Amino acid sequence: MIAPSVLSADFLNLGRDVQMINDSQADWFHIDVMDGRFVPNISFGLPVLKAIKKVAKKPLDVHLMIVEPEKYFQDFKDAGADILSVHIETSTHLHRSLQAIKALGMKAGVAINPHTPVSLLADVICDTDLVCMMSVNPGFGGQSFIANTLNKIKELKQIIVAKNASTLIEIDGGVTLANAAEIVAAGADVLVAGNTVFSASNPTDMIAQLKLISK
Ligand code: DX5
Ligand code: ZN
């Protein structure tokens, strides 16, 4: 699956870019919420999400890069999130958070930074619908893919299979036409792409090309 990252959209033409994703072969909208505390950048929040939800024809995959995310689960549900991911690094009670997200009727995701071992996910993997594995340090679009992610994908896949879980693996950061095939071969189910899609001369066509590789 392909999830274009709205972070790289043209915010002055957000409606146009959302419509482009609607009309493309993309599967989800990837929406990056940053608070300037967990990550060194501030992106956008609930009002923007609500506006996107009004016209989006595909699920909203919301990636929370914020401290104390559990304070806002209800707000993100109300704003239209379909999948809500919290970072393992900000979640003291991760199991509780996953249950709370699901109790609100959303799919529950765990995002994990490049330095955090995937073995920490073993005991929550059966409660996790999606692992958003960071392949860059979170905070900015347009960074380079960290090669060690490929080993982490394989390791995580083994955990998922061993536990008989149905968790999807999403790769977030630095995905390009050049590395998408090896990321999928390593075991990824969903590719996030920001810069690769929105800096392309034809974003719709770029999504189609990524989609072909992800199949
Ligand atoms: C990074 C965000 C990513 C970002 C990916 O903190 O979580 O979703 O938008 O952008 P690219 O694909 O440009 O690396
Ligand atoms: Zn993201």
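A short tour of the structure in this document, coming up. (Residues numbered from 1 in each chain as written. Chains lettered and ligands numbered in written order. Predicted model: local features only at pLDDT ≥ 70, side-chain atom pairs only at ≥ 80, totals over all residues. Heavy atoms only, no water.)

Moving on, we come to the pattern of salt bridges. Under the definition given, this model contains seven salt bridges. With a closest N to O distance of 3.7 Å, D10 and R16 form a salt bridge. We note a salt bridge from D123 to K163, for which the minimum N-O separation is 3.9 Å. Taken together, the residues span a long stretch of sequence, with D123 in the loop between β5 (107-112) and β6 (130-134) and K163 in the loop between α5 (149-162) and β7 (168-172) at a distance of 40 residues. Looking at D123, the relative accessible area reads 68%, which means it is exposed. On the basis of relative accessibility, which here comes to 37%, the residue K163 falls in the partly exposed class. (Salt bridge = Lys/Arg side-chain N within 4 Å of Asp/Glu carboxyl O. Helix = DSSP H or I, 4+ residues; strand = E, 2+ residues; numbered from the N terminus. Buried < 20%, exposed > 50% of the residue type's maximum accessible area, 1.4 Å probe, protein only.)

Here the focus is the site of ligand 1. Residues in close proximity to ligand 1 total 20 residues, the closest being S5, D32, G139, G142 and D172. D172 is positioned such that a nitrogen or oxygen atom in its side chain is 2.6 Å from an oxygen atom of ligand 1. At 2.8 Å from an oxygen atom of ligand 1 is found a main-chain nitrogen or oxygen belonging to G194. More than half of the atoms belonging to ligand 1 lie within 2 Å of the grid points that define the largest pocket. Those elements that place two or more of their residues in the shell around ligand 1 are β2 (29-34), β3 (60-65) and β8 (190-193). Counting residues per element, the shell around ligand 1 draws most heavily on β2, which supplies three residues. (Near = heavy atom within 4 Å. Polar contact = N/O pair within 3.5 Å; in protein donor to acceptor, adjacent residues only side chain to side chain. 1 Å grid on protein atoms, 1.4 Å probe; cavity = no way out; pocket = protein on both sides within 12 Å on 5 of 7 lines; lining within 4 Å. Sits in = over half its atoms within 2 Å of the grid points.)

Looking at the zinc ion (ligand 2), the protein donor atoms are H30 (NE2), D32 (OD), H63 (ND1) and D172 (OD), and they sit 2.0 to 2.3 Å from it. Seen from the zinc ion (ligand 2), its six donor atoms lie at angles of 69 to 169 degrees, and the figure they make is octahedral. As a motif over one chain, the donors of the zinc ion (ligand 2) read H-x1-D-x30-H-x108-D. Of this pair, H30 sits in strand β2 while H63 sits in strand β3, and the two are 33 residues apart along the sequence. For the pair H30 and H63, one class covers both residues: buried. (Donors = N, O, S within 2.8 Å, 3.2 Å for Na, K, Ca; no water. Tetrahedral: all angles 85-135°; square planar, octahedral: opposite > 155°, others 65-115°.)

Mapped onto the secondary structure, T149 falls in helix α5. By relative accessible area, which is 3% here, T149 ends up buried. Discounting chain neighbours no more than four positions away, the residues touching T149 are M133, M134, S135 and I171. (Contact = heavy atoms within 4.5 Å.)

Before going further, it helps to examine the packing of aromatic side chains. According to the stated counting rule, one finds one aromatic pair in the structure shown. Both rings, one in F11 and one in F44, keep their centres 5.8 Å apart while their planes meet at 90 degrees; by these two values the pair is edge-to-face. Note that F11 is positioned in the loop between β1 (2-4) and α1 (14-23) and F44 in the loop between β2 and α2 (46-55), a separation of 33 residues in sequence. Residue classification places F44 among the buried residues on the basis of a relative accessible area of 11%. (Phe/Tyr/Trp six-rings, centres within 6.5 Å; stacked < 30°, edge-to-face > 60°.)

A few words now on the pairing of β8. Burial along β8 is two-sided: V190 and V192 and L191 and A193, pointing in opposite directions, are all buried. Pairing of β1 with β8, which is carried by three bridges, proceeds in the parallel orientation. The residue bridging I2 from the neighbouring strand is L191, located in β8. For β7 and β8, the ladder comprises two bridges, and the chain directions are parallel. (Pairing = 2+ DSSP bridges.)

This brings us to the packing of α1 against α2. The angle between the axes and the distance between the axes are what describe a pair of packed helices. At a minimum axis distance of 10 Å, the contact between α1 and α2 shows a crossing angle of 45 degrees. Here α1 lies oblique to α2, going by the angle between them. Between α1 and α2 lies a crossing of right-handed hand. In this structure, α1 uses L14, V18 and N22 to contact α2, whose residues at the interface are V48, I52 and V55. When the residues that make up the contact of α1 with α2 are grouped by side-chain class, the tally is five nonpolar, one polar and no charged. (Axes fitted to C-alpha atoms, helices over the stretch in contact; angles between N-to-C directions. Parallel < 35°, antiparallel > 145°, perpendicular 65-115°, else oblique. Left-handed = near helix turned anticlockwise from the far one by under 90°. Nonpolar A, V, L, I, M, F, W, Y, C, P; charged D, E, K, R; others polar.)

Right, let's talk about the pairing of β2 for a bit. By the criterion of burial, β2 is predominantly enclosed, with six of the six residues buried. Taking every second residue as pointing to the same face, both faces of β2 are buried, with F29, I31 and V33 on one and H30, D32 and M34 on the other. With six bridges connecting them, β2 and β3 associate as parallel partners. Among the inter-strand pairings, V33 is bridged to a residue of β3, identified as L64.

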